[in-house]
Amino acid sequence: MQKIKLNDEVIIIAGKDKGSTGTITKVLDNKVIVEGKNIAKKHVKGNPNSGVAGGIIDTEMPLAISNVAIFNAETNKADRVGIRTNKDGNKERFFKSNGKAIV
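From a predicted model like this one, the values you see are computed outputs, not experimental measurements. (Residues numbered from 1 in each chain as written. Predicted model: local features only at pLDDT ≥ 70, side-chain atom pairs only at ≥ 80, totals over all residues. Heavy atoms only, no water.)

Undergrad: How would you explain the overall build of the protein if you had to name every residue and give the values?
TA: Scanning the protein from terminus to terminus reveals 0 helices and 10 strands. Reading the secondary structure of the protein in the N-to-C direction produces β-β-β-β-β-β-β-β-β-β. Taking 13 Å as the expected radius of gyration for a compact globule of 103 residues, we find that the protein reaches 17 Å, considerably beyond that expectation. Each principal axis of the C-alpha distribution contributes one length, and for the protein these read about 60 × 30 × 20 Å. Taken across its 103 residues, the protein has 26% of its residues classed as buried. (Helix = DSSP H or I, 4+ residues; strand = E, 2+ residues; numbered from the N terminus. Rg over C-alpha atoms; globule rule 2.2 N^0.38 Å. Buried < 20%, exposed > 50% of the residue type's maximum accessible area, 1.4 Å probe, protein only.)

Structure (structure tokens):
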């Protein structure tokens, strides 16, 4: 079970966007893409056959998964994630600081 999943609210703990929060839009192997964060300029070559205009575009680049932490709304801080088995026998993620399950 992954500790950080799609649509999780995370806070960036390292890098140029340190301290900002966002939602995960894509999870790669050991990298994540956070909505509106880690923006880089990318030069794109045009292709008239497919209707793609060339130029410089802003794109979201991946962040290492170690540079983000899940955001705990109750404490308004970054938190660690644990995995436990609940009463029904299913695995669930929980915040290490207060033990509440992550929905």
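Undergrad: Quick rundown of the nonpolar core? Include the residues and the values.
TA: Ile 4, Val 10, Ile 12, Ile 24, Val 32, Val 34, Leu 63 and Val 68 together form the largest nonpolar core, which totals 8 residues. Counting residues per element, the ones that place at least two in this core are β1 (9-12) and β3 (31-34). In this structure, Val 68 is in contact with Ile 4, Val 10, Ile 11, Ile 12, Ile 13, Val 32, Val 34 and Leu 63, ignoring residues within four places of it in sequence. (Core = buried A, V, L, I, M, F, W, Y, C linked by side-chain atoms within 4.5 Å. Contact = heavy atoms within 4.5 Å.)

Undergrad: Run through the pattern of salt bridges, naming residues and quoting values.
TA: Applying the stated rule across the entire model yields 4 salt bridges. Here Arg 93 and Asp 8 are joined by a salt bridge, their closest N and O atoms 2.8 Å apart. Of this pair, Arg 93 sits in strand β10 (residues 91-95) while Asp 8 sits in the segment before β1; the two residues are 85 residues apart in sequence, bridging distant segments of the chain. Taken individually, Arg 93 and Asp 8 each receive the classification buried, so the pair is uniform in this respect. Between Glu 92 and Arg 84 there is a salt bridge, with its nearest N and O atoms 2.8 Å apart. A residue is classified by how much of its surface remains accessible, and Arg 84, at 31% relative accessible area, is partly exposed. (Salt bridge = Lys/Arg side-chain N within 4 Å of Asp/Glu carboxyl O.)

Undergrad: Report on the pairing of β3, specifying residues and quantitative values.
TA: Consecutive side chains of a regular strand alternate in pointing toward one face of the sheet and then the other. As defined by bridge partners, strand β2 (residues 21-27) adjoins β3 across 3 bridges and the pair is classed as antiparallel. Looking across to β3, one finds that Ile 24 is bridged to Val 34. Where β2 folds back onto β3 in an antiparallel hairpin, the turn is made up of 3 residues. (Pairing = 2+ DSSP bridges.)

Treat this as a map of the structure, not an account of what it does.
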